[in-house]
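One-letter residues, chain by chain:
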Amino acid sequence: MDKNTPLVGILMGSENDLSVMEKAMDVLCMLGIPCEMKISSAHRMPELTASYAKSARERGIEVIIAGAGMAAHLAGAVAAQTTLPVIGVPISSGELKGVDALYSTVQMPAGIPVATVAINGAKNAGFLAAQILSIKYPELINRLDSQRKEAKENLLKKSEQLCIGSCKPHNP
Ligand code: RP5
């Protein structure tokens, strides 16, 4: 894996999506996976979105994560232009709080899939991208396993603390 060549392209429809989408980048950085982030609106920048998707594979990108809110067509528009795996992140914004974006992102026609995560599920988009890449880059398998082990240990610690708390004598 060349640290200077992004393997994952993270796209978002607006700068207002950044606080959600940067969580995908955080996960990829934690796992040592080079990535790039760009704003590319399916509606406001349709030509740029298409050219990014069309040229992604030849630039070395292996997975694309695309997040957008409201009438969220970004992930689908990207998937229409590439056979790279595309992970869609519906973002909560506007009156419908992401349900509109979820439906727009997940309901793709047969043959043009978008692997859709939960509303604001950018962290899982990062993990899913890493798991896809682990097929080709086996060094990621240990990193993913360690991350799960760490998450489990953190939960066990929290669980022990809960038990101590609830076992305190009750003084009315
Ligand atoms: C989508 O519409 C963007 O992804 C964003 O989530 C939503 C609203 O965009 P802004 O008006 O905040 O730029 O295209």
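Everything below is about the structure printed above this text.
Residues numbered from 1 in each chain as written. Predicted model: local features only at pLDDT ≥ 70, side-chain atom pairs only at ≥ 80, totals over all residues. Heavy atoms only, no water.

**A closer look at the layout of surface pockets**
Its volume calculated, the largest pocket comes out at about 290 Å³. If you trace the largest pocket, you find 16 residues lining it, with G13, S14, R44, G69 and M70 closest to the centre. Partitioning the lining of the largest pocket into residue classes produces 6 nonpolar, 8 polar and 2 charged. (1 Å grid on protein atoms, 1.4 Å probe; cavity = no way out; pocket = protein on both sides within 12 Å on 5 of 7 lines; lining within 4 Å. Points joined across faces, edges and corners; volume = space filled by probe spheres on them. Nonpolar A, V, L, I, M, F, W, Y, C, P; charged D, E, K, R; others polar.)

**Some thoughts on unusual backbone geometry**
Of note, M70 is a non-glycine position whose phi angle comes to about 55°, a positive value. Examined against the element boundaries, M70 turns out to sit in the loop between β3 (63–69) and α3 (74–79). Positioned with a positive phi, K97 is a non-glycine residue whose angle comes to about 55°. Assignment of secondary structure puts K97 in the loop between β4 (86–91) and α4 (99–106). Judged by relative accessible area, which is 57%, K97 ranks as exposed. (Helix = DSSP H or I, 4+ residues; strand = E, 2+ residues; numbered from the N terminus. Buried < 20%, exposed > 50% of the residue type's maximum accessible area, 1.4 Å probe, protein only.)

**Let's talk about the side chain of T105**
As for its position among the elements, T105 is in helix α4. Residue class for T105 comes out buried when judged on its relative accessible area of 3%. With residues up to four places along the chain from it excluded, the contact list for T105 reads A72, A75, G88, V89, P90, V114 and T116. (Contact = heavy atoms within 4.5 Å.)

**What to know about the site of the ligand**
The ligand sits among G13, S14, N16, D17, R44, A68, G69, M70 and S93. In this structure, an oxygen atom belonging to the ligand sits 2.7 Å away from a side-chain N or O atom of N16. G69 places a main-chain nitrogen or oxygen 3.0 Å from an oxygen atom of the ligand. Within the complex, the protein chains bury 77% of what would otherwise be the 360 Å² of accessible surface of the ligand. Tallied by class, residues from the shell around the ligand come to 2 nonpolar, 5 polar and 2 charged. (Near = heavy atom within 4 Å. Polar contact = N/O pair within 3.5 Å; in protein donor to acceptor, adjacent residues only side chain to side chain. Areas by Shrake-Rupley, 256 points an atom, 1.4 Å probe, with all protein chains shown as cover.)

**A few points about the pairing of strand β1 (residues 8–12)**
In terms of burial, β1 is a largely internal element, 5 of the 5 residues being buried. A two-sided burial pattern is seen for β1, the buried positions comprising V8, I10 and M12 on one face and G9 and L11 on the other. In this sheet, strand β2 (residues 35–39) lies alongside β1 in parallel orientation, the contact comprising 5 bridges. Residue pairing across strands places M12 opposite I39, the latter belonging to β2. The handedness of the β1 to β2 crossover, carried by helix α1 (residues 18–30), is right-handed. As paired strands, β1 and β3 are joined by 5 bridges and run parallel to one another. Across the sheet, G9 pairs through a bridge with I64, a residue of β3. (Pairing = 2+ DSSP bridges. Right-handed = clockwise from strand over helix to strand, strands pointing away.)

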